[in-house]
Each structure stands twice: as structure tokens, then as C-alpha cells.
Amino acid sequence: MKRALKPILLLLPVLALLLVSGCTMLSLKEAPADAPAPPPALAAELRRGVETLCAHPRYGATLSRAQEYIAAELAAAGYAVRYQEFTNAEGTFRNIIAERTGTQPGRYVVGAHYDACEPADPQDSNPGADDNASAVAALLALARRLPAHPRHTVELVFYACEEPPWFGTEGMGSHAHAQLCNPQDTLGMVCLEMLGCFSDAPGSQPALFPGHSLLLPTQGNFIAVVGNLDSVSLGRSAQRHLRRHIRTLRVNVPFAGDTPLYFSDHRNYAPRGIPSIMVTDTAMLRNHRYHERQDTPDTLDYTRMAAVTQGVLSLVRELAY
């Protein structure tokens, strides 16, 4: 009896995923064969941003240089920059905020954390190129391209304190910001988390969940859109825009903050009833340089990063303009 049951039990995750796929909570979309290559100038812009952010440490008391750079870039793009100060067990920190003010009620939040994970050994280093200079550079590129006068306000937030020891606590910058968001007024949140690690090599994409390899690609050449069951509509919109430029996987699952699907800043908006998604290269599941000194600017794929940036820009334009 036990032997007869074993194959059935092994198939349960696969059957569950098939059911999920039928309920449109799991979707893989290929980019069109004739999708145009992203502009080389955008890829170069992203590289410059990542290299600038990685030139100095971005943890603890060393965040000031990154703050100054981000604020200066936003000001140069015509934004009135403001700061949200918050306090946690380590001190007082700043979220950096800029917005395009809408003509109608409602706002969309697009955010990325600008801190990197501090090494346990003070003699070690962590440049944090993919995690998360890649997303900060993309968010700055987005800021430079957003027109004035949207229908709905677009709030761009650069978070401090996403990484340990604050992750998963009320000391996160995104937790502080989420508490300010009125769920009735906040129409959606898009979290950008690690956008630069891609590979066409077989086996370069570890499993996201049991049964992954039977249904999903094992090459790390796609971008993922992750959200809970309240954000299916937002996730579909994101996938529609992203897949015009790059292979895109969408996953919508019940909120569970202790899984990798919620290991970023969107975790603090979902419990407040705000539709929220994460756009990611799957972080530590794909990037073996995660939180290591090898996470350097030269390891990123800026062409695919540019494709993702174009998709996010297209999404925000549709949502808010």
C-alpha cells in the first residue's frame, strides 16, 4: 500500500500546480520573437547607476553617499525630494521619496531598497550590485522618463533598512512607509527587487517550489512577477507589459511572509490590503553571489535589465497616465 501511494504523493505538487495554472495564478509568457532590443543608451545608463551605487558601502552608517546620489538624480529629473525619517533599534534612517502628482484621486507606489546587506566580518565587503543597486538604478531611470501630470499620483520610494537585521521587522523602511499609506487611496504597489542576474545556461534557475522543473523553465532567463491573491489583476497587467520585452513568469499565491516569494518590501503592503507585486530575477534562488563580495557590477546583464525597465515604465504609464 505504501509503495502504491508513493508515486501519487510525489505527483501531488505537480497536480496542485496544474490546478493553480488553471486558476490563472501561475503563468509563463514568452516574449515575442520580434521583440525589439532595448536601447543601448538605457543599458549604459543602468550600468552607470549600478557602478556609482556600488562605489561605496551601503549599510549601517554608510548610507549617506547613496542617499545624496539618489536625491541629486531625482532633483536633476525635476522632482521635489522629501525624506521620511524613521527610527529602529540601530538608529534613525531615511526613506527617499519623490512623486508625480496626479490630477485625480489615488496613487501608485513604486519602490526599491537602496541598502545592501552588511557583512558579518567587518573586513569583508558586499557591493550589492544585483541586491539592490540594480533595482535602484532602474527606479531612477523610470523617474527620469515619467511625464509630469499623471491621472493618479506616482510615488517613487527608495527604502532604507530592507536587509538584516531589520528584514521582517517593523524596523524596515518599507514598513514605516506602508503605515502612511491609506489602503482606500493606494491603488497598487510595485516592488523592484534584484533585476540584473540572468543566464541561458541549463540548470541556472533553481526551483521556486516543488514540481517547478516539470512546469517552469530551468534556465534563469526570465523575470518574475510575484504577488498575493489580492494582486492578480495588477500582476496580470505587469506581465502583459513585461513580456513585450522579456520572458515573464507570474506567480500569485496566498501571502506568506516566511517564504522567498515575500522576501522584499512588498511584504509590508500586502497585509494592509494594498495590491502589491514584486518584480525580480528571483534573487538568492538564481544569484549565487547573493550577499557576497562577488555581487559586483560586472556580473549583471544590463541589456535584460533595460528590457525589464522598459516593461515597468510601460506598466506605470498605463496604470497612472
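These figures come from a predicted structure and were not determined experimentally.

(A) Just the overall build of the protein chain, in detail. Tallying secondary structure elements over the protein chain gives 8 helices and 9 strands in all. Compactness check: the protein chain gives a C-alpha radius of gyration of 19 Å against a globular reference of 20 Å for 321 residues, within 12% of the reference. Summarising its shape, the C-alpha atoms of the protein chain cover approximately 65 × 50 × 40 Å along the three principal directions. Per-residue burial over the protein chain gives 54% buried out of 321 residues. Contacts spanning at least 24 positions in sequence make up 78% of the contacts within the protein chain whose residues lie at least 6 apart. Surface accessibility of the protein chain: about 13700 Å² in total, with carbon and sulfur atoms responsible for 56%. When the 28 positive and 31 negative side-chain charges of the protein chain are each reduced to one mean point, those points stand 9 Å apart.

(B) Broad picture of helix 4 (residues 129-145). A rise of 1.5 Å per residue sets the reference length of helix 4, with its 17 residues, at 24 Å; its end C-alpha atoms lie 22 Å apart and thus fit the reference within 8%. Counting buried residues in helix 4 gives 15 out of 17 residues, a clear majority hidden from the surface.

(C) Representation of the packing of helix 2 (residues 40-54) against helix 8 (residues 302-320) within the structure. Across the interface, helix 2 lies against helix 8 with an axial gap of 8 Å and an inter-helix angle of 105°. Overall, the two elements helix 2 and helix 8 adopt an arrangement that is roughly perpendicular. Between helix 2 and helix 8, the residues in contact are Leu-42, Ala-43, Leu-46, Arg-47 and Val-50 and Tyr-302, Thr-303, Met-305, Ala-306, Thr-309 and Gln-310, respectively. Along the lines of polarity and charge, the residues of the contact of helix 2 with helix 8 split into 7 nonpolar, 3 polar and 1 charged.

(D) View of the layout of surface pockets. The computed volume of the second largest pocket comes to approximately 220 Å³. The wall of the second largest pocket is formed by 21 residues, among which Pro-260, Phe-263, Ala-283, Met-284 and Tyr-290 lie closest to the centre. Within the residue set of the lining of the second largest pocket, elements represented by two or more residues are strand 7 (223-227) and strand 9 (276-280). Taken together, the residues of the lining of the second largest pocket sort by class into 14 nonpolar, 3 polar and 4 charged.

(E) Structural detail: the sheet that holds strand 2 (residues 82-88). Pairing is mixed in the open sheet, where 9 strands are placed in the order 1-8-7-9-6-4-5-3-2. Each edge of the open sheet carries a strand with a single partner, namely strand 1 (26-29) and strand 2. On average, adjacent strands in this sheet sit at an angle of 20° to one another, irrespective of strand direction. The sheet contact formed by strand 7 and strand 8 (residues 248-252) spans 5 bridges and is parallel. Counted as the bridge partner of Ile-223 is Thr-248 from strand 8. Running over the sheet, helix 8 touches strand 4 (107-113), strand 5 (153-159), strand 6 (186-193), strand 7 and strand 9 and is turned about 155° from strand 4.

(F) View of unusual backbone geometry. Here the bond from Asp-131 into Asn-132 is cis, since omega is 10°, no more than 30 degrees from zero. Its place among the elements puts Asn-132 in helix 4. That bond from Pro-164 to Pro-165 is cis: its omega, 10°, falls within 30 degrees of zero. Summarising the element assignment, Pro-165 is placed in the loop between strand 5 and helix 5 (173-180). Phi at Cys-161 takes a positive value of approximately 65°, unusual for a residue other than glycine. When its relative accessible area of 0% is taken as the criterion, Cys-161 is described as buried. Even without a glycine there, the phi angle at Ala-283 is positive, about 55°. Mapped onto the elements, Ala-283 comes out in the loop between strand 9 and helix 8.

(G) Here's a closer look at the nonpolar core. Of all hydrophobic cores here, the largest spans 63 residues; its most connected members are Ile-70, Leu-156, Phe-158 and Leu-192. Beyond its immediate sequence surroundings of up to four residues, Phe-158 is in contact with Ile-70, Leu-74, Arg-94, Asn-95, Ile-96, Ala-112, Tyr-114, Val-136, Leu-139 and Leu-140. Within the second largest apolar cluster, 21 residues are counted, among which are Ile-97, Met-189, Phe-222 and Tyr-262.

(H) Up close: the packing of aromatic side chains. Per the counting criterion, the structure on display carries 3 aromatic pairs. When the centroid spacing of 5.3 Å and the interplanar angle of 65° are considered together, the rings of Phe-93 and Trp-166 count as edge-to-face. With Phe-93 in strand 3 (residues 91-100) and Trp-166 in the loop between strand 5 and helix 5, the pair connects residues that are 73 residues apart, well separated along the chain. Across the pair, exposure class does not vary: Phe-93 and Trp-166 are buried alike. With a centroid separation of 5.5 Å and 75° between ring planes, the pair formed by Phe-167 and Phe-263 is classed as edge-to-face. Of this pair, Phe-167 sits in the loop between strand 5 and helix 5 while Phe-263 sits in the loop between strand 8 and strand 9; the two residues are 96 residues apart in sequence, bridging distant segments of the chain. The class of Phe-263 is partly exposed, set by a relative accessible area of 29%. Ring pairing ties together the aromatic residues Phe-86, Phe-93 and Trp-166, which thus form one cluster. The ring of Tyr-83 carries the charged tip of Arg-94 above its face, separated from the ring centre by 4.1 Å. Seen from the ring of Phe-222, Arg-286 lies directly overhead, with NZ or CZ sitting 4.8 Å from the centre.

Here is what the cut-offs are and how they apply
Residues numbered from 1 in each chain as written. Predicted model: local features only at pLDDT ≥ 70, side-chain atom pairs only at ≥ 80, totals over all residues. Heavy atoms only, no water. Helix = DSSP H or I, 4+ residues; strand = E, 2+ residues; numbered from the N terminus. Rg over C-alpha atoms; globule rule 2.2 N^0.38 Å. Buried < 20%, exposed > 50% of the residue type's maximum accessible area, 1.4 Å probe, protein only. Contact = heavy atoms within 4.5 Å. Areas by Shrake-Rupley, 256 points an atom, 1.4 Å probe, with all protein chains shown as cover. Lys, Arg positive; Asp, Glu negative; His and termini not counted. Charge placed at Lys NZ, Arg CZ, Asp CG, Glu CD. Expected span 1.5 Å × (residues − 1). Axes fitted to C-alpha atoms, helices over the stretch in contact; angles between N-to-C directions. Parallel < 35°, antiparallel > 145°, perpendicular 65-115°, else oblique. Nonpolar A, V, L, I, M, F, W, Y, C, P; charged D, E, K, R; others polar. 1 Å grid on protein atoms, 1.4 Å probe; cavity = no way out; pocket = protein on both sides within 12 Å on 5 of 7 lines; lining within 4 Å. Points joined across faces, edges and corners; volume = space filled by probe spheres on them. Pairing = 2+ DSSP bridges. Core = buried A, V, L, I, M, F, W, Y, C linked by side-chain atoms within 4.5 Å. Phe/Tyr/Trp six-rings, centres within 6.5 Å; stacked < 30°, edge-to-face > 60°. Lys NZ or Arg CZ within 6 Å of the ring centre and 35° of its normal.

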